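Spelled out, the chains give:
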Amino acid sequence: MTRASASSLRNPRAAHGYHGRSCSITSVGSYVPDRVLTNADLERMVNTTDEWITTRTGIKERRLAAADEFTSDLATQAARRALERAQISPEMVDLIIVATITPDMLFPSTACLVQQKLGARRAAAFDIEAACSGFIYALEIGQQFITSRTYDTVLVIGAEKLSSIVDWSDRNTCVLFGDGAGAAVLQNRPNAHGLLTACMGADGSKGGLLYMPGGGSRVPATADSVNARLHYLRMEGRETFKNAVNAMYTAARESLRRCNLEIGQIKCVIPHQANQRIIESVGERLGARPDQLFVNLHKYGNTSAASVAIALDEAVTTGRVQRGDLILLMVFGAGLTWAAAVIEW
Ligand code: UT7
């Protein structure tokens, strides 16, 4: 059984009295740039092999944005696709939330740039930063605006141009990441389900496992900071791996518990696409069958906030999930941050 029967599925939102307001995920969309960087290409750039990258990560290739293509462009393309599918004009959007760690610039926000590019003149706009966990954080924030009666139509986007902060001479990190964007349209719809629950968490004491030292108020850009390579992301891979498995497992279990669901009732588990071994390890601990796990990281690598957004779009457009199916999303990233969510699609 993939779909929960009405008696077993509990919508945790209903218990909190939202007075008939309910939020649907009306549509999704995604966009990845055309340029493909394969493992063979990376073999020519750093001391690595296709065999190492494939067996340690599962990644075969990733997409790179063009020099004149920025996070706001990727976000806008994904958003246009989602809006077209929902048959919504940009003027109908009340709010745009962009989750990203690679904004076009420190300010104005990428969401404001997207608002202009889309022509969504009525929309308020802001960015959130929860690294790879950003899309679930943003979905939950968007849903809160709808159930609180503040807005009727919210556009949520996860978008990254990680190639702009990757140190292309560091084999530990440069093989892992890619560029892309995914978007979702949230709307007030009677009796909709959408995001049934989202469990979010953070542990700031472990911020040093994955971070970018330069470019903020602590280390503003100077010739010295550039020479010291402080404007690239840094990661302690092994420790990050362990934390990722534990945090995603715990958040996923709690999400299922809140909805009174067993893992077997989930049609599709969509984990953050960082590493095949992390996905398998969490899947195994959750008791998920391999065919429940959605994986596309061999094509795109780790696209941070865009990762599960792109995967959700692919799961929908390939027919892997149908309306009414239950989806479990789980994410993990810098902060540290993590989240899991149950969606009734
Ligand atoms: O999205 C945010 C969350 N991020 C993640 O969840 C990523 C989590 N971490 C990982 O996915 C893995 O830890 C990595 C893929 C980053 C690394 O895999 P690992 O199995 O943990 O390898 P390691 O870091 O323990 O390194 C093993 C060896 C090292 O060599 P020595 O010191 O044992 O001689 C590395 O220098 O592999 C070496 N190595 C490489 N060799 C060839 C590291 N990168 C490469 C490379 N090619 N690209």
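Here is a short report on the structure shown in this document. Treat the numbers as computed from the prediction; the structure is a model and nothing was measured.

Of all residues adjacent to the ligand, which total 23 residues, the nearest are Thr 48, Arg 56, Arg 238, Asn 275 and Asn 302. Within the side chain of His 272, an N or O atom sits 2.9 Å from an oxygen atom of the ligand. Taken by itself the ligand offers 960 Å² of open surface, and the protein chains cover 77% of this. The pocket occupied by the ligand, as judged from atoms lying within 2 Å of grid points, is the second largest pocket. Taken together, the elements giving at least two residues each to the shell around the ligand come down to α2 (50-57), α6 (171-174), α8 (237-258) and α9 (276-286). At 4 residues, α8 tops the list of elements feeding residues into the shell around the ligand. No fewer than three residues from each of domain 1 (24-187) and domain 2 (195-344) sit in the shell around the ligand.

Next up on the list: the sheet that holds strand β1 (residues 23-31). What the 5 strands build is an open sheet, ordered β1-β7-β6-β4-β5; its pairing is mixed. Only two strands of the sheet have a single partner each, and these edge strands are β1 and β5 (124-128). Along the sheet, successive strands turn relative to each other by an average axial angle of 20°, direction set aside. Both β1 and strand β7 (residues 179-188) contribute to a ladder of 8 bridges, which runs antiparallel. The residue of β7 that forms the bridge with Ile 25 is Leu 186. Running over the sheet, helix α5 (residues 134-147) touches β1, β4 (95-99), β5, β6 (153-161) and β7 and is turned about 20° from β7. Running over the sheet, helix α11 (residues 307-317) touches β1 and β7 and is turned about 100° from β1.

Membership of the largest hydrophobic core comes to 37 residues, with the highest contact counts inside it found for Leu 139, Leu 186, Ile 270, Ile 327, Leu 329 and Ile 343. Here the element with the most residues in this core is α5; it accounts for 6 residues. In terms of domain composition, this core takes at least three residues from each of domain 1 (24-187) and domain 2 (195-344). Counting 27 residues, the second largest nonpolar core, distinct from the first, contains Val 245, Leu 293, Met 330 and Phe 332.

Read from one edge to the other, the open sheet built from 4 strands follows the order β8-β13-β12-β11, with strand pairing classed as mixed. In the strand order of this sheet, the two ends are held by β8 (194-202) and β11 (268-271), each with one partner. Across the sheet, the axes of successive neighbouring strands diverge by a mean angle of 10°, strand direction being ignored. Here β11 runs beside strand β12 (residues 326-333); their pairing, made up of 4 bridges, is parallel. The partner of Val 269 across the bridge, within β12, is Leu 328. Against the sheet, α11 engages β11, β12 and β13 (337-344), with an angle of about 155° to β11.

Cut-offs and rules
- Residues numbered from 1 in each chain as written.
- Predicted model: local features only at pLDDT ≥ 70, side-chain atom pairs only at ≥ 80, totals over all residues.
- Heavy atoms only, no water.
- Near = heavy atom within 4 Å.
- Polar contact = N/O pair within 3.5 Å; in protein donor to acceptor, adjacent residues only side chain to side chain.
- Areas by Shrake-Rupley, 256 points an atom, 1.4 Å probe, with all protein chains shown as cover.
- 1 Å grid on protein atoms, 1.4 Å probe; cavity = no way out; pocket = protein on both sides within 12 Å on 5 of 7 lines; lining within 4 Å.
- Sits in = over half its atoms within 2 Å of the grid points.
- Helix = DSSP H or I, 4+ residues; strand = E, 2+ residues; numbered from the N terminus.
- Domains from an automatic or database assignment.
- Pairing = 2+ DSSP bridges.
- Axes fitted to C-alpha atoms, helices over the stretch in contact; angles between N-to-C directions.
- Contact = heavy atoms within 4.5 Å.
- Core = buried A, V, L, I, M, F, W, Y, C linked by side-chain atoms within 4.5 Å.
- Buried < 20%, exposed > 50% of the residue type's maximum accessible area, 1.4 Å probe, protein only.

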